[in-house]
Amino acid sequence: IVATLFPQYDFAKQIGGNKVDVTLLLTPGTETHTYEPTPQDIINVNNSDLFIYTGAYMEPWSDKIASSIDSDTVILDSSKNINLIPSEHSEEDEDHEEHESESHHHEYDPHIWLNPQNAIGMVNNITNELCNIDPENTSYYKENAKNYIVQLNLLDTDIENTIKKSSKKNISFGGTFAYMYFIKRYNLEYISAYESCGEDTEPSASNVKKVIDYMKQNDIHVIFYQELSSGKIADAIAAETGATKLVFHTIHNASQKEINNGETYISLMRKNLENLEKALN
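Now for a description of the structure that goes with this document. Note that residues are indexed from 1 along each chain, following the sequence as it is written. Since the coordinates come from a predicted model, pLDDT governs what is reported: local features require at least 70, and pairs of side-chain atoms require 80 or more to be given and counted, while whole-chain, interface and lining totals use all residues. Side-chain measures were taken over the full set of non-hydrogen atoms in the model, leaving aside hydrogen atoms and water.

Here the focus is unusual backbone geometry. Phi is positive for N81, close to 70°, though the residue is something other than glycine. For the purposes of this entry, the term helix denotes a DSSP run of H or I that reaches at least four residues, the term strand denotes a run of E that reaches at least two, and both are numbered from the N terminus. With respect to the helices and strands, the residue N81 is situated in the loop between β4 (74-77) and β5 (85-86). At L228, a residue that is not glycine, the phi angle is positive and equals roughly 60°. In this fold, L228 is placed in the loop between β9 (222-225) and α9 (232-241). Only protein chains enter the calculation, and the probe is 1.4 Å; a residue is then buried if its accessible area is under 20% of its type maximum, exposed if over 50%, and partly exposed in between. We classify L228 as partly exposed; its relative accessible area is 47%.

Let us look at the pairing of strand β8 (residues 189-192). Put simply, side chains in a regular strand alternate between the two faces of the sheet. Strands qualify as paired when DSSP identifies two bridges or more between them. As defined by bridge partners, strand β7 (residues 170-173) adjoins β8 across four bridges and the pair is classed as parallel. Looking across to β8, one finds that I171 is bridged to Y190. Seen with the strands pointing away from the viewer, any crossover whose path from the first strand over the helix to the second strand runs clockwise is right-handed. Handedness of the β7-helix α7 (residues 180-185)-β8 crossover: right-handed.

Our next topic: the sheet that holds β9. Taken in spatial order, the four strands line up as β8-β7-β9-β10 in an open sheet, and their pairing is parallel. The open sheet is flanked by β8 and β10 (244-247), the only strands paired with a single partner. Ignoring strand direction, the axes of neighbouring strands in this sheet form an average angle of 35°. Docked against the sheet, α9 engages β9 and β10, running at close to 175° with respect to β9. To get an axis, a line is fitted to the C-alpha atoms, and for a helix only the part in contact is used. The angle between two axes follows their N-to-C directions and goes from 0 to 180 degrees. Only heavy atoms matter for contacts: two residues are in contact if any of them lie within 4.5 Å across the pair.

Structure representation (structure tokens):
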């Protein structure tokens, strides 16, 4: 199996266990949106039984890979049957199209896995495809998936309970923004210096000021930023507000150290939960 991003890489490993060999297409620490597949990547996908990607809105370069496959590799869009949230940029006028392309904006927000219920949908999609490809191990895959979904539901419940007992519901982001599925799942209120996931466009001074003012008005003492990024805007906001700067993992990818340490989707989401608890109290 070749998987484009860390969530489906990890899901495939959890479901497939010792019956599968899973490769992460992106090298650890690589920025997702600007990634360009190499000829070797295309060869590796061609030699695989299953190629898993998130969907056209997350990896525009996945089409290039899919169209290059001339083997019997099965291609799975893991966002199948999952309701997508329209991007805030989907209604911008045509004058901004070029800018949107440069900033990696999408018609729909593609970061589906940050809602654990969507992660369960992805797990079901992967499980079904594995059972189709390797029917003799169907019961093995289904049992692994069932056990893993129990863990995902527990994660979801723990996040819900933490938020319910918290005194605040407001959080602030000083880094690139990919968290709408998480925000909507748990009915949080937020402000962000960035309007989207692409860090190639700096936020305006007025946007940064809005975050600073919002944090002061709502007594917020944590500013979040995205992993694998510089966090310089969050640094500036922290300096102005006295807030603590903490990572909120988007889980697009993981660092080599995290992969070596055996980090998983659930372990990274639980780190998010720890930092969220600090922010809400």
